[in-house]
Amino acid sequence: MEEKKLKIRDLTLRDGQQSLFATRLKQEDIDPLLPLYKDAGFYIMEVWGGAVPDSVMRYLDESPWERLRKISKAIDGKSLLSALSRGRNLFGYVPYPNSVLEGFYKEAIKNGLNIMRIFDALNDIDNVKESIRLINELGGIADAAVCYTVDPKEEPVAAAPEKKGFFSRLFGKKEEAPAAPKKIFTDEYFVEKAKEMERLGAKIITLKDMAGLVNPSRAASIIGKLKQAVNVPVDFHTHCTPGYGLASSVMAIINGVDILDTNIWYFGEGSAAPALELVYVFCKKLGIEVEVNMEKVGEIRVQLEGVRRRLADFDLNKDKFPRAFDPLKDTLPAEVDAMFDKAIAAAKAGNEEELLAQCHAIEAHFGFPKPNLLVKDAEVPGGMYSNMVAQLKALGASDLLDDAMRLIPKVRRDAGLVPLVTPTSQIVGSQAVLLAMDRRKGNPDYTQANNQFISLVKGEYGHTPVPVDPAFREKITGDPNEKAYDVSSYKKPGNPVDDKLGVPLASNTEEELLLELLPNVANKFLRNRREEEAAAKAPQTEAKPAEAPAPAAVPQTAEITGEVFRAPMGGRIVEINVKPGDKVKKGDVMLVYEAMKMENDLEAERDLTVKQVLVANDQVVNANDALIEFE
């Protein structure tokens, strides 16, 4: 009988570092790893997409295109290189027309990308079908991901009111409590989405569990059904945040998954995907060949320990490194070896509780983080939770966290039961914070709504799993009718000219694409590149210390004597639509600010005349800061 085999998609250089170290892995740390990766034999290496294009420009001042080119050249076709794309949203928060999708995919494949994993936050097939078609036509491999999510926990149902009076109790019709909501996210829901994606041309189907919420029994049932329903390879992607990741991966392997997403030891577990080394031990005991050169993986692992130490500023577990382990050389203590055996026996017997207990004991032995029970109970992605914590802290509103977390299920239901994956996780999280603020101030629900939430409810992001209540849509958008994003209204951003140098910021197609997808971040990144080029061409003179970038210019203001409009929460000013002397009417958008990655319109509460504007574009403001003074 032929030995079963398992292919591995290594996530270390993309999802691993994004999950554990805020996407701060520098090119200088990647380059020494690449000769080792070339011979490691990974079926797929995920190296690009997700937060990488944004973060490498924003935080590292590096080119995302150059990163892809360098990795592709070093790997030289020995592994397939993959990236993560949000379908019609690509790497951004708005839908793009097909012309933008085609330009981006064409450039990515030209620069060495082989596989594009495409997902849509709403699991809306309409939002991925053009990406599948384009990637196949351009010579890439379309990997279509079905986003796993769960139905929100049911709100407590109030008891039916007791009838008053003897005869009404005797003869009256008994009032029944309302029925529980119908379950939407069944196994069949995910299988049907996968079948549609295969029919459209997907060459790989991924069950993408970005929150780590697939428990072992669910992993077994969905993977088993996917293997029966589709003819292309099935991949399983999960995270370990709430404590299911390793156990669910074991169940996926036993139920025939073709490809498993893992990270190498020091970049695995916690809020990342399972560690390859633990998966290898399980597979060895199961008689399954892991198609990877584990000796080369060991060499990479040694290098990654030092890389992780250099990322200490961004490592939430910097003082709790996992203990060193080489599955090819180290002998497991008898009691730990027995844990693996007990976990396998529990998995085969369908004993989920025992399987989880043994996997948690294995992870504890090696010093990996414990399950995050708050994330498990809230049923939200770990990244969404950590973003909310960090951003509320920066806004000086940490006390809103518990209220906002409790309101996430309500916001999800109101918005059409959307899965929580980028960008909807950010949209829902930000809106839950605004809703908590409304309630604390005694305002009606949804007095504040961020622009992306309005677009989501309107229908511009696509069809939600459950239709939005027309009355709620009218409340939020002013119109009860669903309105899809109008691609004809898309306006390609211009190519700005550097004020000092008089040259366009983007000098080629790939730079134009960066401006199109990530305009704010790319603007600063490309200015730096043009200034470097100008400095290199200038006559050599004695070097002067580099000047620190000037902060946003704050306008000179007179003494404030009139009524003031203040910031409801902290953020960054991105657009100012008024000037002194302007007469604004109730509902006019006076300025737009960004908070928690979402844009928010600040509207006039009644008819007023602007006396002075107290902030400037790109200025960071705190909650309750004065923004505009009225006469």
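By convention here, each chain's residues receive numbers from 1 onward along its written sequence. Two thresholds apply to this predicted model, a pLDDT of at least 70 for residue-level local features and 80 or more for giving and counting side-chain atom pairs, whereas whole-chain, interface and lining totals are computed over all residues. To obtain the side-chain values, all non-hydrogen atoms of the structure were included, while hydrogens and water were left out.

**Looking at the side chain of Ser-79**
Each helix is a run of DSSP H or I of at least 4 residues and each strand a run of E of at least 2, with the numbering of both proceeding from the N terminus. Relative to the helices and strands, Ser-79 resides in the loop between helix H5 (64–75) and strand E3 (80–85). At a separation of 2.6 Å, a polar atom in the side chain of Ser-79 contacts the main-chain carbonyl oxygen of Phe-42. We call two residues in contact whenever any of their non-hydrogen atoms come within 4.5 Å of each other. Excluding anything up to four places from it in sequence, Ser-79 contacts Gly-41, Phe-42, Tyr-43, Met-45 and Asn-114. By the criterion applied in these results, polar contacts are pairs of N or O atoms within 3.5 Å in which, for protein atoms, one can donate a hydrogen and the other can accept it, and in which residues neighboring in sequence qualify only through two side-chain atoms.

**Some details on the packing of H5 against helix H22 (residues 509–517)**
To obtain an axis, a line is fitted to C-alpha atoms, over the contacting stretch when the element is a helix, and the angle between two such axes runs from 0 to 180 degrees between their N-to-C directions. H22 packs onto H5 with a crossing angle of 125° between their chain directions and a minimal axis gap of 10 Å. Compared by their axis directions, H5 and H22 come out oblique. Across from Pro-64, Trp-65 and Arg-69 in H5, the residues of H22 making contact are Glu-510, Leu-513 and Leu-514. Here is the rule for angles: anything less than 35 degrees is roughly parallel, anything more than 145 is roughly antiparallel, 65 through 115 is roughly perpendicular, and the remaining ranges are oblique.

**Points about helix H18 (residues 401–414)**
Under the 1.5 Å per step criterion, the end-to-end length of H18 is 20 Å for 14 residues, consistent within 8% with the ideal 20 Å. The axis of H18 is deflected most strongly, by about 35°, at Leu-407, and proline Pro-409 appears within four residues downstream. A simple rule labels every residue: compare its accessible area, found with a 1.4 Å probe on the protein chains alone, to the largest value its type can have, and call it buried under 20%, exposed over 50%, or partly exposed in between. The set of residues buried in H18 consists of Leu-401, Ala-404, Met-405, Leu-407, Ile-408, Val-411, Arg-412 and Asp-414. Positive phi shows up at Gly-416, right after H18, with a value of about 100°. In a helix, the anticipated span is given by 1.5 Å times the number of residues less one. What is called the bend at a residue is the angle between a pair of axes, fitted to the seven residues leading up to and ending at it and to the seven starting from it.

**Here's the deal with unusual backbone geometry**
Here Thr-422 and Pro-423 are connected by a cis peptide whose omega angle stands at 5°. In this model, Ala-22 sits at a positive phi of 55°, which is unusual for a non-glycine residue. Within the secondary structure layout, Ala-22 lies in the loop between helix H1 (12–21) and helix H2 (27–30). Of note, Thr-23 is a non-glycine position whose phi angle comes to about 60°, a positive value. With respect to the secondary-structure elements, Thr-23 resides in the loop between H1 and H2. Of the residues examined, Thr-23 reaches a relative accessible area of 3% and is grouped as buried.

**Examining the packing of helix H11 (residues 245–254) against helix H15 (residues 352–366)**
Two quantities define a packed helix pair, namely the angle between the axes and the distance from one axis to the other. Contact geometry of H11 with H15 gives a least axis separation of 8 Å together with a crossing angle of 120°. With respect to their mutual orientation, H11 and H15 come out oblique. Considering how the two elements wind past one another, H11 and H15 form a crossing that is right-handed. Every residue of H15 that contacts H11 at Leu-246, Ala-247 and Met-251 is listed here: Leu-355, Leu-356, Cys-359 and Glu-363. Nonpolar residues are Ala, Val, Leu, Ile, Met, Phe, Trp, Tyr, Cys and Pro. Charged residues are Asp, Glu, Lys and Arg, and all others, Gly as well, are polar. Grouping the amino acids of the contact of H11 with H15 by side-chain chemistry returns 6 nonpolar, no polar and 1 charged. Should the near helix be turned anticlockwise from the far one by less than a right angle, the crossing is left-handed, and should it be turned clockwise, the crossing is right-handed.

**Topic: the environment of Met-210**
Note that Met-210 resides in the loop between strand E6 (204–208) and helix H10 (216–229). Residues within four places of Met-210 in sequence aside, it is in contact with Cys-147, Tyr-148, His-239, Pro-381, Leu-420 and Val-421.

**Here we look at the sheet that holds strand E10 (residues 564–566)**
Think of it this way: DSSP has to see at least two bridges between two strands before they count as a pair. Strand order in this open sheet of 4 strands is E10-E17-E15-E12, and the pairing throughout is antiparallel. The sheet terminates laterally at E10 and strand E12 (583–584), the two strands that pair on one side only.

**Let's talk about the packing of aromatic side chains**
Note on aromatic contacts: the rings of Phe and Tyr and the six-membered ring of Trp form a pair at centre separations within 6.5 Å, being stacked when their planes are under 30 degrees apart, edge-to-face when over 60 apart, and tilted otherwise. Summed over the entire model, instances satisfying the criterion amount to 20 aromatic pairs. Ring-pair connections join several aromatic residues into one group, and the members of that group are Trp-48, Trp-65, Phe-104 and Tyr-105. A ring is scored as having a charge over it whenever the NZ atom of a lysine or the CZ atom of an arginine sits within 6 Å of its centre and within 35 degrees of its normal. When the ring centre of Tyr-43 is taken as origin, the NZ or CZ atom of Lys-7, which lies over that ring, is 5.3 Å away. Note that Arg-24 overlies the ring of Tyr-59, its terminal NZ or CZ placed 3.5 Å from the centroid.

**Observations regarding the pattern of salt bridges**
One side-chain nitrogen of Lys or Arg within 4 Å of one carboxyl oxygen of Asp or Glu is enough to make a salt bridge. Tallied over the entire structure, the rule returns 46 salt bridges. The closest approach of N and O atoms between Glu-291 and Lys-7, which form a salt bridge, is 3.2 Å. Of the two residues, Glu-291 is situated in the loop between strand E9 (288–290) and helix H13 (294–310) and Lys-7 in strand E1 (residues 4–10); the sequence distance between them amounts to 284 residues. Looking at Glu-291, the relative accessible area reads 25%, which means it is partly exposed. Assessed through its relative accessible area of 30%, Lys-7 is described here as partly exposed. Linking Glu-192 and Lys-195 is a salt bridge whose minimum nitrogen-to-oxygen distance equals 3.3 Å. Taken together, the positions of Glu-192 and Lys-195, both in helix H9 (residues 187–200) and 3 residues apart, correspond to about one turn of that helix. Using a relative accessible area of 42% as the deciding quantity, one classes Glu-192 as partly exposed.

**Quick look at the pairing of strand E17 (residues 626–630)**
In terms of burial, E17 is a largely internal element, 5 of the 5 residues being buried. Pairing of E10 with E17 involves 3 bridges; the strand directions are antiparallel. Considered in E17, the bridge of Phe-565 is made with Ile-628. Here strand E15 (residues 608–613) pairs with E17 via 3 bridges, running antiparallel. Residue pairing across strands places Val-613 opposite Ile-628, the latter belonging to E17.

**A few points about the nonpolar core**
Only buried residues count toward a nonpolar core. Its members are Ala, Val, Leu, Ile, Met, Phe, Trp, Tyr and Cys residues joined through side-chain atoms within 4.5 Å. By size, the foremost hydrophobic cluster in this structure holds 129 residues, and its most contacted members are Phe-42, Trp-48 and Phe-104. It is helix H12 (residues 276–286) that contributes the most residues to this core, 8 residues altogether. Core analysis: the second largest hydrophobic core is formed by 35 residues, Val-380, Leu-400, Val-418 and Ile-476 among them.

**Structural notes on the environment of Thr-422**
Take Thr-422: it is sitting in the loop between H18 and helix H19 (424–441). By relative accessible area, which is 19% here, Thr-422 ends up buried. Taking the C-alpha atoms as reference, Thr-422 lies 9.1 Å from Gly-50; in sequence the two are 372 residues apart. Once you skip the residues sitting within four places of it in the chain, Thr-422 turns out to touch Arg-86, Phe-119 and Ala-121. In terms of polar contacts, Thr-422 uses its side chain to reach the side chain of Gln-426, at 3.5 Å.

**Structural notes on the pairing of E6**
Most of E6 is tucked away, with 5 of its 5 residues classed as buried. Burial along E6 is two-sided: the face carrying Ile-204, Thr-206 and Lys-208 and the face carrying Ile-205 and Leu-207 are both buried. In this sheet, E6 lies alongside strand E5 (residues 141–147) in parallel orientation, the contact comprising 5 bridges. Looking at the pairing, Ala-145 lines up with Thr-206 of E6. Of the pairings in the sheet, the one linking E6 to strand E7 (residues 234–237) comprises 4 bridges and is parallel in character.

**Things to note about the side chain of Gln-17**
Its location among the elements puts Gln-17 in helix H1. For Gln-17, a relative accessible area of 0% corresponds to the buried category. Engagement of the side chain of Gln-17 in a polar contact is seen with the backbone nitrogen of Leu-25, the distance being 3.0 Å. Those residues within four positions of Gln-17 in sequence are excluded, and the remaining contacts are Thr-12, Ala-22, Thr-23, Arg-24, Leu-25, Val-52, Arg-67 and Phe-267.

**Quick notes on H11**
Taking burial as the measure, the 10 residues of H11 include 9 buried ones, the bulk of the element. Within the span of H11, buried status applies to Gly-245, Leu-246, Ala-247, Ser-248, Ser-249, Val-250, Met-251, Ala-252 and Ile-253. At the C-terminal side of H11, Gly-256 shows a positive phi close to 95°.

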